[in-house]
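Structural characterization, general
Letter by letter, the chains look like this.
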Amino acid sequence: MNISTAIHMFIKVVLREQKIPFEIRSNHLDPTIIEKLQEAELEMKHTSKRYSKEDILESMNRIIG
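Not measured: the values here are computed from a predicted model.

Attention now goes to the overall build of the protein. Looking only at helices and strands, the protein features 3 helices and 0 strands. Helices (α) and strands (β) of the protein occur, in sequence order from the N terminus, as α-α-α. Its C-alpha atoms give the protein principal-axis dimensions of roughly 40 × 30 × 20 Å. Residues classed as buried in the protein amount to 0% of the 65 residues present. Of the roughly 6500 Å² that the protein leaves accessible, carbon and sulfur atoms contribute 58%. Across the protein, the mean location of the 10 positive side-chain charges is 8 Å away from that of the 10 negative side-chain charges.

On to a nonpolar patch on the surface. Together, Ile3, Ile7, Phe10, Ile11, Leu15, Ile20, Phe22 and Ile24 give the surface a local cluster of nonpolar side chains, amounting to about 830 Å² of exposed area. Among the structural elements, phenylalanine 22 can be located in the loop between helix H1 (3-17) and helix H2 (31-46). Overall, the relative accessible area of 49% leaves phenylalanine 22 in the partly exposed class.

With 16 residues, H2 ought to run about 22 Å at 1.5 Å a step, and its terminal C-alpha atoms sit 23 Å apart, in line with that. Regarding H2, its N-cap is aspartate 30, as a side-chain oxygen of that residue lies 2.7 Å from the backbone nitrogen of threonine 32 further along.

On to the pattern of salt bridges, then. This structure, assessed with the given rule, holds 4 salt bridges. Glutamate 41 is the partner of lysine 45 in a salt bridge, and the nearest nitrogen-oxygen pair spans 4.0 Å. Highlighted residues: lysine 45 and glutamate 41, both in helix H2, separated by 4 residues, approximately one helical turn. Residue lysine 45 is classed as exposed on the basis of its relative accessible area of 60%. As a salt-bridge pair, arginine 62 and glutamate 58 come within 3.1 Å of each other at their nearest N and O atoms.

What counts and how
- Residues numbered from 1 in each chain as written.
- Predicted model: local features only at pLDDT ≥ 70, side-chain atom pairs only at ≥ 80, totals over all residues.
- Heavy atoms only, no water.
- Helix = DSSP H or I, 4+ residues; strand = E, 2+ residues; numbered from the N terminus.
- Buried < 20%, exposed > 50% of the residue type's maximum accessible area, 1.4 Å probe, protein only.
- Areas by Shrake-Rupley, 256 points an atom, 1.4 Å probe, with all protein chains shown as cover.
- Lys, Arg positive; Asp, Glu negative; His and termini not counted.
- Charge placed at Lys NZ, Arg CZ, Asp CG, Glu CD.
- Patch = residues over 30% accessible without salt bridge, like charges linked within 9 Å, V, L, I, M, F, W, Y side chains within 5 Å.
- Salt bridge = Lys/Arg side-chain N within 4 Å of Asp/Glu carboxyl O.
- Expected span 1.5 Å × (residues − 1).
- Polar contact = N/O pair within 3.5 Å; in protein donor to acceptor, adjacent residues only side chain to side chain.

Pasting the structure below:
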């Protein structure tokens, strides 16, 4: 399989499934980042509030420093 075919297949799966078809994880996440991600997940489950891309990037920049 060439790279073009692999990318085409990947894009088709992303569009069909509406998600990245694999888990992304790291063994080196800062505990503060993990805590903030868990807080965000809880908030998403318990509210209908949604944030813009700009809001998210601004918040990430504040956390990262």
